[in-house]
Amino acid sequence: MKIATYNVNGISARLPVLLRWLQETAPDVVCLQELKAPQEKFPEQALQEAGYDAIWHGQKSWNGVAILSKVGKPEEIQKGLPGNDEDDQSRYLEARVNGIIIGCLYLPNGNPAPGPKFDYKLRWMEHFAQHAAMLIASQEPVVLTGDYNVIPTELDAYKPERWVEDALFRPETRAAFQELLAQGWTDAIRHLHPTETIYTYFDYFRNAFGRNAGLRIDHFLLSPTVSAKLKAAGVDRDARSWEKTSDHAPVWIELADG
DNA sequence: ATGTCCGCGCGACGCGGA
């Protein structure tokens, strides 16, 4: 089974690119982030015609997450993180698909840092870690994937020295991510490619993609039983080169059947 | 510091967010 994550940066503007990518790569399950569309503007019919059932949590202007599947309609478990009811931003959606719990997240960017947006990011990470701990303890097969807005290590940034003050790479952010991993999660891309330079995001400025000036901020965290089935993981860099594309590239994992 | 793209509220482009 192939599972992918893709920050589309606006699903309305990105629909042709999204449909082309689905057609060419045929993932079984897809987590989308940054829909930037209200609930009623989600292109449910176009995705249905492409072969995907979907659930989504939209929001006007910003944020928004969705889970697509062509192996049975996602059974929604929850919208938003438990115990975070005061959070009105659409950043988390969880469903059971084909026997696996899929958590789709769009973690806050947090810039400028320090400041209230960075405080919100760290609070969100705390709530997320609490939920992740519960999921690990459940011993269910779980995949937590999406745009984490976290550069885990210096290997994951083109020029890490330029990012040390940034919310994506500040010590507090990196420490929170490492604490999360320490619960027992496997960073799928890094597990299979421990020393390789791999980026998932390239900003629109200064020909960042052409210069391979990127960041690795879209991640797959796998619970132990899922990690044991991990066969392959990668980035669809080609999609980042297309016209009218997102600033993120899709990321995917392949799991053994059974 | 720069730069670009998306959605919004407009009813042309500037602004917030990333």
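Only a predicted model underlies this, so the values are computations on that prediction, with no experimental measurement involved. (Residues numbered from 1 in each chain as written. Chains lettered and ligands numbered in written order. Predicted model: local features only at pLDDT ≥ 70, side-chain atom pairs only at ≥ 80, totals over all residues. Heavy atoms only, no water.)

Draft legend 1. Up close: the nonpolar core. In this structure, Ile3, Ile67, Ile102, Val143, Phe220, Leu222 and Ile253 are the most contacted members of the largest nonpolar core, which totals 28 residues. Here this core gets four residues from one element, more than from any other, and that element is strand 7 (residues 100-106). Residues Ala4, Val8, Ile11 and Val17 belong to the second largest nonpolar core, which totals 23 residues. (Core = buried A, V, L, I, M, F, W, Y, C linked by side-chain atoms within 4.5 Å. Buried < 20%, exposed > 50% of the residue type's maximum accessible area, 1.4 Å probe, protein only. Helix = DSSP H or I, 4+ residues; strand = E, 2+ residues; numbered from the N terminus.)

Draft legend 2. Quick look at the packing of aromatic side chains. According to the stated counting rule, one finds eight aromatic pairs in the structure shown. Taken together, a centroid distance of 5.7 Å and an interplanar angle of 20° make the contact between Trp124 and Phe128 stacked. Highlighted residues: Trp124 and Phe128, both in helix 3 (residues 116-138), separated by four residues, approximately one helical turn. Taking relative accessible area as the criterion, Trp124 reaches 2% and is therefore assigned buried. Given a relative accessible area of 2%, Phe128 falls into the buried group. On the numbers, 6.2 Å between centres and 80° between planes, the contact of Tyr199 with Phe202 is edge-to-face. On the accessibility criterion, Tyr199 (6% relative accessible area) is buried. Its guanidinium or amino end placed over the ring of Trp252, Lys2 lies 5.2 Å from that ring's centre, counting from NZ or CZ. (Phe/Tyr/Trp six-rings, centres within 6.5 Å; stacked < 30°, edge-to-face > 60°. Lys NZ or Arg CZ within 6 Å of the ring centre and 35° of its normal.)

Draft legend 3. Geometry of the layout of surface pockets. In this model, the largest pocket occupies a volume close to 460 Å³. Every residue lining the largest pocket is counted, 23 residues in all, and those nearest its centre are Glu34, Asn109, Asn149, Tyr201 and Asp247. Here the lining of the largest pocket is composed, by residue class, of nine nonpolar, seven polar and seven charged. (1 Å grid on protein atoms, 1.4 Å probe; cavity = no way out; pocket = protein on both sides within 12 Å on 5 of 7 lines; lining within 4 Å. Points joined across faces, edges and corners; volume = space filled by probe spheres on them. Nonpolar A, V, L, I, M, F, W, Y, C, P; charged D, E, K, R; others polar.)

Draft legend 4. Examining the protein's contact with DNA strand B more closely. Looking at DNA strand B, there are 16 residues lining it, with Arg14, Lys60, Ser61, Phe205 and Arg206 nearest. Here DNA strand B approaches the protein such that, of its atoms within 4 Å, sugar and phosphate make up 68%. A distance of 3.4 Å separates a phosphate oxygen of DNA strand B from a polar atom in the backbone of Ala13. A distance of 2.8 Å separates a phosphate oxygen of DNA strand B from a polar atom in the side chain of Lys60. Broken down by element, the surface near DNA strand B gets its largest block of residues, three residues, from helix 1 (residues 11-25). Residue classes in the surface near DNA strand B are distributed as five nonpolar, five polar and six charged. (Near = heavy atom within 4 Å. Polar contact = N/O pair within 3.5 Å; in protein donor to acceptor, adjacent residues only side chain to side chain.)

Draft legend 5. Broad picture of the packing of helix 3 against helix 4 (residues 171-181). Look at helix 3 against helix 4: their axes get within 10 Å of each other, and the N-to-C directions meet at 5°. Between helix 3 and helix 4, the angle is such that the two are roughly parallel. Residues Phe118, Lys121, Leu122, Met125, Phe128, Ala129 and Ala132 of helix 3 form the contact with helix 4, whose own contacting residues are Glu172, Thr173, Ala176, Phe177 and Leu180. Residues that form the contact of helix 3 with helix 4 fall into these classes: nine nonpolar, one polar and two charged. (Axes fitted to C-alpha atoms, helices over the stretch in contact; angles between N-to-C directions. Parallel < 35°, antiparallel > 145°, perpendicular 65-115°, else oblique. Contact = heavy atoms within 4.5 Å.)

Draft legend 6. Region of the structure containing the side chain of Lys121. The topology assignment puts Lys121 in helix 3. The charged side chain of Lys121 is buried without a salt bridge, its nearest counter-charge being Asp166 at 6.2 Å. (Lys, Arg positive; Asp, Glu negative; His and termini not counted. Salt bridge = Lys/Arg side-chain N within 4 Å of Asp/Glu carboxyl O.)

Draft legend 7. Here's a closer look at the sheet that holds strand 7. Across the sheet, six strands lie side by side as 5-6-7-8-10-9; this open sheet has mixed pairing. Every interior strand has two partners, whereas the edge strands, strand 5 (75-79) and strand 9 (186-187), have only one. In this sheet, strand 7 lies alongside strand 6 (residues 92-97) in antiparallel orientation, the contact comprising six bridges. Note on strand 7: the bridge partner recorded for Val97 is Ile100. Here helix 3 sits on the sheet and contacts strand 5, strand 6, strand 7 and strand 8 (142-147); the angle it forms with strand 6, its principal contact strand, is near 20°. In the packing of helix 4 onto the sheet, the strands contacted are strand 9 and strand 10 (218-222), and the crossing angle to strand 10 comes to about 25°. (Pairing = 2+ DSSP bridges.)

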